[in-house]
Amino acid sequence: MNFSGFKLLRVLLLWLLLCGASVQAAQVAVSTPAAKAPASKPQQAAKSSSKPAKAVPPPKPVLAPPAGNLVIIGGGLRADNAEVWQRIVQLAGGKGARIGVFGSASINPEQSAQNTINKLNQYGAQAFFIPLGVTLPNSDYRKAAEDPEVVAAIHSATGIYFTGGDQARITRALVRPDGKHTAALDAVWDVYRDGGVIAGSSAGAAIMSTTMFYDAKSTLEMLKQGVTEGNEISAGLGFIGDDVFVDQHLLVRGRFARMIPVMLKKGYQIGLGIDENTAMVVNAKRDVEIIGYSGALLLDLSAAITDRGIKGFNISNATISYLDRGDKFNLVTREFTPSPDKADNKLDPNQPETREPVFTNDILGNNAVLDLMVNLIDNAQQEAIGIAFGNPRDAYPDIGFEFRFSKTINSVGYSSTEVEAYSVLKLRMDVRPIQLQAPLYRYR
C-alpha cells in the first residue's frame, strides 16, 4: 500500500470513530429520561394490585389483674351485722369512703339504693346513688350507661355496691345488647382494678361469676330437667374470674345442689355458695375469708365424673366442704386455714363424738346439708344419706335423688373452742336418681 492509500485508510478509521461516539452520546441522551422510570414502577404496580396493603394493628393493651377486693354477700344482710358493713367501708378506704350504690336490680332502684346508702353511712362511708337502672323512672338506661357524668361519678368512687333484686336487671343495665361493656361497666372495672372494693348482696352476689342464674326453676326441677343458656342461666359480670361459680342464699334455701348442673354444663371446677347474712371477702391474692353470721359451701368437681349409662342427672366423686365464719381458703393453692378458734382443735377420727346413722329425707331443706355434714364428720359412721323428692303434684313426681356423703382419707373436721361451730373439709358426694313409689305414702 502506497502512502496515499494509507492516508485514506486513516481518514476512514477516524470517521468510524466519530460515528461511534455520536451513537453513544445519543444513547446516553435517550437513557437520561429512562432513569426516572423506576420512580413510576411502584405506581404501576399499585394500579395492578387487587389488594391494598394492610396496616399493622396496634398491640392490644394488657390489663393488669384487679388490685381490689370483692365482698360477696349471700343476701339478707342485717343492719346490725357490723362485721360485714365495716369491712366494706374499710376496704373502700375507711371513714369518708365514697361508695357508689347501684339499685339496678330492684323494681325501685332509688329507694333500694337509699336504704343501703343509709346503712353504709352509719358505718362511716359517704355513699351515693348511681342513677342507672332499667326500672328507674324518667330515665333512659341505655343513655345513662354511656353518660359521661354517670361514668365520672363511678370513677370518683373507691367502692361499688350492688343491691339485691333481679340480677338480670343489673346485667341488662350495664351490658350492651351486643354483649360489650357499657362505659359505666368499664368504669366499675376501673374502680376494681385500681384497688377499690366491689360488694354485692343477693342479686349483687349472683353477678360476680361469669355465669349466673337467670330465670331459675326450683333446685329439684333443675336436677330433673337440666339447665339451658338464656333460660335458667345467662352471663354474669365475672368479677371473681372465669374459674369460680358463685351462688347465694345457699344454706337457708338448700341451693347447693342447683350449682352442680350449672358447673358441669359450663366447665367450672370450683363453686362457692354463700349463706344469708354472711359474706365472702376475696382479695387480689384470691384468698377467700368468710365473715358474718354463717358460712359457705365449697364444691370441687375437679375429680368428679358422670355415668352416661344412668338415665337422669348423676355425679360421682364430687367434693364438698363447709367453710365457717373466720375460715380462709385460697382459690389458687386450694389451701385451707381454719379460724383462730378452731386452729388447735382438729377432730380426731379415732375418737368420734357419736356413732349413730346419719340420714335426712329432705337434703334440700333449710340447713339440712350442713347438719348432715357436721353430724357425719364427728361420727364413727363413714357415710350419710340424704333424699330429695318433690310434691306429688309436681312434674315427674316419681323421680327423686339420693345424695350420698362419704368420708375419705382427706376428710377433715375442726371444732370451735368458743361456740358450737364446725368446719368440714373434703367429704365425697355422689348423687344419682332414684325411683319413688307412687303414692309416696298412704293413710292408715
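Residues numbered from 1 in each chain as written. Predicted model: local features only at pLDDT ≥ 70, side-chain atom pairs only at ≥ 80, totals over all residues. Heavy atoms only, no water.

## So, helix α7 (residues 167-174)
Okay, so step 1: Most of α7 is tucked away: six of the eight residues are buried.
Okay, so step 2: Within α7, the full set of buried residues consists of Q167, A168, I170, T171, A173 and L174.
Okay, so step 3: The N-terminus of α7 is capped by D166, whose side-chain oxygen sits 3.0 Å from the backbone nitrogen of A168. (Buried < 20%, exposed > 50% of the residue type's maximum accessible area, 1.4 Å probe, protein only. Helix = DSSP H or I, 4+ residues; strand = E, 2+ residues; numbered from the N terminus. Polar contact = N/O pair within 3.5 Å; in protein donor to acceptor, adjacent residues only side chain to side chain.)

## Quick notes on the sheet that holds strand β14 (residues 328-330)
Okay, so step 1: The strand order across the open sheet built from nine strands is β3-β2-β4-β5-β1-β10-β11-β14-β15, with neighbouring strands paired in mixed fashion. Lying at the two open borders of the sheet, with one neighbouring strand each, are β3 (126-129) and β15 (336-337). (Pairing = 2+ DSSP bridges.)

## What to know about the confidence of the model for the chain
Okay, so step 1: Within the chain, residue pLDDT values average 89, and 86% of them lie at 70 or more.
Okay, so step 2: Overall, residues 1-19 carries pLDDT values under 50, and its contacts beyond four positions in sequence, including any with other chains, amount to two contacts.
Okay, so step 3: Note on residues 21-55: pLDDT is under 50 here. Beyond four places in sequence and across chains, it has zero contacts. (pLDDT = per-residue confidence, 0-100. Contact = heavy atoms within 4.5 Å.)

## So, the packing of aromatic side chains
Okay, so step 1: Scanning all chains against the criterion turns up 13 aromatic pairs.
Okay, so step 2: An angle of 20° between the planes, with centres 4.9 Å apart, marks the rings of F102 and F162 as stacked. Separated by 60 residues along the polypeptide, F102 in strand β2 (residues 98-102) and F162 in strand β4 (residues 159-162) bring together distant segments of the chain. Like F102, the residue F162 is buried in the burial classification.
Okay, so step 3: Between Y441 and Y443, the ring centres sit 6.3 Å apart and the planes meet at 85°, which makes this aromatic pair edge-to-face.
Okay, so step 4: Its relative accessible area of 56% is what places Y441 among the exposed residues.
Okay, so step 5: The exposed category is assigned to Y443, whose relative accessible area is 77%.
Okay, so step 6: Counting every residue linked through ring pairs, the aromatic cluster contains F102, F162, W189, Y192 and F239.
Okay, so step 7: Positioned above the aromatic ring of F213, the side-chain terminus of R258 is 3.8 Å from the ring centre. (Phe/Tyr/Trp six-rings, centres within 6.5 Å; stacked < 30°, edge-to-face > 60°. Lys NZ or Arg CZ within 6 Å of the ring centre and 35° of its normal.)

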